[in-house]
Amino acid sequence: MAEIPMGSPDDAAGAPWGAMNSGTIRAPIPAEELGTATITPDGEFEAGSHQSFTLTYTAGKFGIDDSGSLRICFRFASDQTRPQFEDPKRPNYTVIEASNKAVLEYRYDPKGNVRPWDRTLYIKVVNGFLREGDTITVHFGMTDGGSPGMRLQTFCEDTFEFRVLVDPIATFNYQPLPVQPAIRITPGAPEKYIAVLPTCRRVGERFACKLKGEDKWGNPSDKCDGTFRLRGNVTVAGLPESVTIAPGTFAVEVPDLSVAEPGDVEIWLEDDAGERVATANPLRIVAEAALIPFWADLHGQSEETIGTGSAAQYFAFARDLAFVDATGHQGNDFQITNEFWDELDRLCDAFDEAGNFVALPGYEWSGNTGLGGDRNVFFPAKGRQIRRSSHALIEDYSDVHTDSNSAAELFEAFAGNEEWDVVVYAHCGGRYADVKLAHDGRFEKSMEVHSSWGTFEWLVQDAFEMGYRTGIVANSDGHKGRPGASYPGAALFGAVGGLTCLLAPDLSRESILDCLRKRRHYATTGGHGGRMVIDVTARLDNEGMLYHDDPALGPAEGRAAAEAMMGDIVRTSDGEVELSVDILADAPIERVDIFNGLEHLETVRPYGVDDLGNRIRVIWEGAEYRGRFRQVIWDGNATLSDNRIAQARPINFFNRDKTLDRIGDSGLEWRALTTGNIGGFDLWVDDPYGGTLQIETPLVKCGVPLEEIGLEDEIFDRSGVLPRHLKIFRLPAENPHRALRFTRRIKLRGQADNPLFIRLTQEDGTLAWTSPIYLIR
């Protein structure tokens, strides 16, 4: 008997490339005889709004037999409220009934079906059966008992499906209906406005200021309706007096701007009342520059794999609404069919436009952690062989011989085929990269330390422990169709997606890949404060030999140099170097930490003890472990005795369900989580040094007299497999410092690498890391 292949080319709604996405066997029942499903109401609905829907399934020719069942599935990325059946007052109270009074058994399982349709409402006929024409009705978000309804997912989607799969014969063989009920999810009204400038341009060089409004969930809004005055701190040629963002418009570009003199430029928007409604990221104008910063989010997915929206929409969002200069599509390899691989090549070439936008061909090698874990792969051109970790969700096995099941095999395949132009970096998503198990520095150039999954400094620390010479990047790894501006919404994703600033001579695919190979970049945790200017230089007393390729891996071309930038590898006879740091931040600077690999050398602040005021900062950070379920819950409260809280402000409370709330004059309560990243709050007190601050969280319970809180951190360490801690320190009441320049003499270790880099912490909770300068004595 011939084996029945799993899957159906028709299964992947929104994925016409034949990926097996529904967990079905080839259809034994004609699709038109499976029945139908409708949703009421239908049409457009605001992202994150509460709604009520009735889904009605009408049985087809075969009905549904006793113990047959339905699955109503939602995408992995969706963050709508889960159906629940117990409490009519809670969100998404759901009632399910059969028209013929058959007894139904039902449950919700977030992993109840094959990805990407894994969030599943399972409905089984346990007493009785359905004939043709009988119905099962599902009332999502019933409000009769006081429930607010079903909260929709917080991000936009043209076709949000209530995907119905049917097992009419009770064989546990589910088939998708030929027509799926769907609604359209659209943005809400703008809650804030965003202005984006380039980070650096030469004197007289033209640039644009790009503007958009975002709703409360971070979706670009087409419901903007306002005229704003444009202001600047210097004369900007071509800057109009005002700009209008009209309804139906998602973004506006103010082109052909220029500045005639070197300096730091600030541009902001004012409303009719003269209030500042948005301030652009800082722009530095220089007389000359060999390298220019370009911003990129090179890592995310679309609906053809496990994301949201089409791949074409993915590229368009990055360019037109996130205002990044470069992106790459990184679909899970075990879902990328050959047809979709060809389509990604076509899209990359269609969107790639030198000088305007770079689209890098590539994919995510999605191997199991025990075989090396996730890697990102980038090619310089189309037509390259995709070397998958497996064909887990692909029907066509004709090219299974090209698979590389382990990371070691992947690197061996690249080397064996002399694909020296491939760029790889390691990351932590669902599966984390084990770089101690497998790494090849000829291809793997960087470690991704931050994404929407969290912050993973341990990944680059693993590389330091092994003596690897790698750069540091950050990206979104987003699944919500918003590359370059990826917010966590209401899901358990704990962070905003990151960005990488690439230092290149021009905006072209060749230059961006050359930058990645040379590690000439810095990484940020993204968000509105994530586009800062950072320059780090090491100056030698005597000329050393500078390399871009690691000389430890084979022959490498070097040149004499007395100065090195981030990413450079330098052999030197000097016992110490001068490290020069120049920062123009997007928010006030809290601190800059200097590292030599795993060793923390110094914390530099732009203020001193005499500047401290009545502001106390509480910060928590950490992750449970390296795998998927890494969330640390920090829900808690704080009480201030013998004092009064004048003001409190949350830090990195990205999820709108996670709030910081005042309790009287002296208390706070909050709901918060971290996935390796940081969160916390500031509080301003009436008496700067009076009373005691009591804090209680699941991990940390402490009390600290305010008179003991100063410049240095008071740390309460509860580290497990990974760091987990809470720290308390004092800040100036107002910190005006957005610029910081300093130099330090750094002693170099002998007979070992000296990876010198900095980590910037802004007051708004944004972090940035520079790729190390590797100094070898």
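Residues numbered from 1 in each chain as written. Predicted model: local features only at pLDDT ≥ 70, side-chain atom pairs only at ≥ 80, totals over all residues. Heavy atoms only, no water.

Let's shift gears to the pairing of strand β51 (residues 701-705). The two faces of β51 differ: Cys-702 and Val-704 on one face are buried, but Lys-701, Gly-703 and Pro-705 on the other face are not. Direction of pairing for strand β50 (residues 692-696) relative to β51: antiparallel, over a ladder of five bridges. Of the residues in β51, the one forming a bridge with Ile-695 is Cys-702. (Buried < 20%, exposed > 50% of the residue type's maximum accessible area, 1.4 Å probe, protein only. Helix = DSSP H or I, 4+ residues; strand = E, 2+ residues; numbered from the N terminus. Pairing = 2+ DSSP bridges.)

All right, on to the nonpolar core then. Counting 69 residues, the largest nonpolar core has Tyr-363, Val-377, Phe-414, Ile-534, Ile-583, Val-592 and Leu-775 as the members making the most contacts within it. No other element matches helix α2 (residues 338-351), which puts six residues into this core. Residues contacting Val-592, with those up to four places away along its chain left out, are Ile-583, Glu-602, Thr-603, Val-604, Leu-740, Phe-742, Ile-758, Arg-759 and Leu-760. In this structure, Met-447, Trp-453, Ile-619 and Leu-731 belong to the second largest nonpolar core, which totals 38 residues. (Core = buried A, V, L, I, M, F, W, Y, C linked by side-chain atoms within 4.5 Å. Contact = heavy atoms within 4.5 Å.)

This paragraph deals with the sheet that holds strand β22 (residues 267-270). Spatially, the four strands line up as an open sheet ordered β19-β18-β22-β23, and their pairing is antiparallel. Looking along the sheet, the strands with just one partner apiece sit at the ends: β19 (242-245) and β23 (276-279). When strand polarity is set aside, the average angle formed by the axes of neighbouring strands in this sheet is 30°. When strand β18 (residues 226-232) meets β22, the two strands line up antiparallel, connected through four bridges. Bridged to Arg-229 within β22 is Glu-270. (Axes fitted to C-alpha atoms, helices over the stretch in contact; angles between N-to-C directions.)

The next point concerns the packing of aromatic side chains. One pass over the structure, following the stated rule, counts 28 aromatic pairs. Taken together, a centroid distance of 5.0 Å and an interplanar angle of 15° make the contact between Phe-595 and Phe-757 stacked. Residue Phe-595 is found in strand β40 (residues 589-596), and its partner Phe-757 is found in strand β55 (residues 753-762); the two are separated by 162 residues along the sequence. A connected cluster of aromatic rings, assembled from ring pairs, spans Phe-45, Phe-53, Phe-74, Phe-140, Phe-160 and Phe-162. Lying across the ring of Phe-323, Lys-212 places its NZ or CZ 5.4 Å from the centre. (Phe/Tyr/Trp six-rings, centres within 6.5 Å; stacked < 30°, edge-to-face > 60°. Lys NZ or Arg CZ within 6 Å of the ring centre and 35° of its normal.)

Within helix α4 (residues 457-466), burial applies to Trp-458, Leu-459, Val-460, Asp-462, Ala-463 and Phe-464. In the core, the buried residues of α4 are packed alongside β30 (423-426), β31 (444-451), β33 (471-474), β55 and β57 (773-776). Immediately beyond the C-terminal end of α4, within one or two residues, lies Gly-467, with a positive phi of roughly 80°.

The next thing to look at is the sheet that holds strand β2 (residues 44-46). Taken in spatial order, the three strands make up an open sheet running β2-β14-β11, and their pairing is mixed. Two strands in the sheet have a free side with no partner beyond their single neighbour: β2 and β11 (157-161). Geometrically, the sheet is characterised by an average inter-axis angle of 40° between neighbouring strands, direction not taken into account. For β11 and strand β14 (residues 182-186), the ladder comprises three bridges, and the chain directions are antiparallel. Along β14, the bridge assignment pairs Glu-161 with Ala-182.

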